[in-house]
Every structure is written in structure tokens, then in C-alpha cells.
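So you can see what is in the structure, the chains are spelled out below.
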Amino acid sequence: MLKGTNKAYITSQNHGYAIDNATLPADWEPLFLNLNDQTNEGMRHKSKPFFSTQFHPEASSGPKDTEFLFDQFIDLVSRHKR
């Protein structure tokens, strides 16, 4: 689930490498949460243009489900390049 929205995505992730949300530094926050067990599926920095995911989409071939993340990345790079 994309935090702060009602949007959920069918994804595959390795729970052996999940981040414990309670251990995130104060300047980081969850970006995606697994609806089944609330494990972290992604995080973002609160003030810097950094974010990550720990999944890949499953509902369609290729990165179509969460393709918007690539658009966000390109936008962040464009706005913060020197």
C-alpha cells in the first residue's frame, strides 16, 4: 500500500530482508507497507530527494503497476541536478 493513499499493488518481496519501520532514522519514513503484515516495502527521506522500494510488481509484465515511481525519479533528478 502506498502510504497516505488507498492504493495497493500486487508485489513480490523477500521478507527475509524487510526493514523494521521502528528502526528508521527520524528523517526517513515508510513509503510502502505490506497490507498483510505491515512490513516495510519502501521508504523515503523526509527532506531529501531519496526513496526506495523493496518489491517488484506482479500484476502485469514489466514495471507497469508502479511505473509512476520511474516518473517521480526522473522528476526528482531533473529538479535536483546541478
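Above this text is the structure in question.
### A few points about the environment of Met43
Part 1: Within the fold, Met43 resides in strand 3 (residues 40-45).
Part 2: For Met43 and Gln54, which are 11 residues apart along the polypeptide, the C-alpha to C-alpha distance reads 8.8 Å.
Part 3: In this structure, Met43 is in contact with Ile19, Leu24, Trp28, Glu29, Pro30, Leu31, Phe51 and Ser52, ignoring residues within four places of it in sequence.

### Description of the pairing of strand 3
A regular strand carries its side chains on alternate faces of the sheet.
Part 1: When you tally the buried positions in strand 3, you get five out of six residues, the bulk of the element.
Part 2: In textbook terms, the turn of a hairpin is the stretch between consecutive antiparallel strands, and for strand 2 (residues 28-33) and strand 3 this stretch comprises six residues, one of which, Gln38, has a positive phi near 65°.
Part 3: With three bridges joining them, strand 3 and strand 4 (residues 51-53) adopt antiparallel strand pairing. Paired with Arg44 across the strands is Phe51, a residue of strand 4.
Part 4: Between strand 3 and strand 4, which pair antiparallel one after the other, the connecting turn spans five residues.

### Here's the deal with the packing of aromatic side chains
Part 1: Scanning the model with the defined rule gives four aromatic pairs in all.
Part 2: Relative to Phe50, the ring of Trp28 has its centre 6.5 Å away and its plane inclined at 20°; by these criteria the two rings are stacked. Of this pair, Trp28 sits in strand 2 while Phe50 is found in the loop between strand 3 and strand 4, placing the two residues 22 residues apart along the sequence.
Part 3: Residue classification places Trp28 among the partly exposed positions, given a relative accessible area of 23%.
Part 4: Centre to centre, the rings of Phe32 and Phe55 are 5.0 Å apart; their planes meet at 75°, and the pair counts as edge-to-face. Placement of the pair is Phe32 in strand 2 and Phe55 in the loop between strand 4 and strand 5 (56-57), with a sequence separation of 23 residues. With respect to burial, Phe32 and Phe55 carry one shared label: buried.
Part 5: An aromatic cluster is built from Tyr9, Phe32, Phe55 and Phe68, whose rings are joined through pairwise contacts.

Reading guide: rules and limits
- Residues numbered from 1 in each chain as written.
- Predicted model: local features only at pLDDT ≥ 70, side-chain atom pairs only at ≥ 80, totals over all residues.
- Heavy atoms only, no water.
- Helix = DSSP H or I, 4+ residues; strand = E, 2+ residues; numbered from the N terminus.
- Contact = heavy atoms within 4.5 Å.
- Buried < 20%, exposed > 50% of the residue type's maximum accessible area, 1.4 Å probe, protein only.
- Pairing = 2+ DSSP bridges.
- Phe/Tyr/Trp six-rings, centres within 6.5 Å; stacked < 30°, edge-to-face > 60°.

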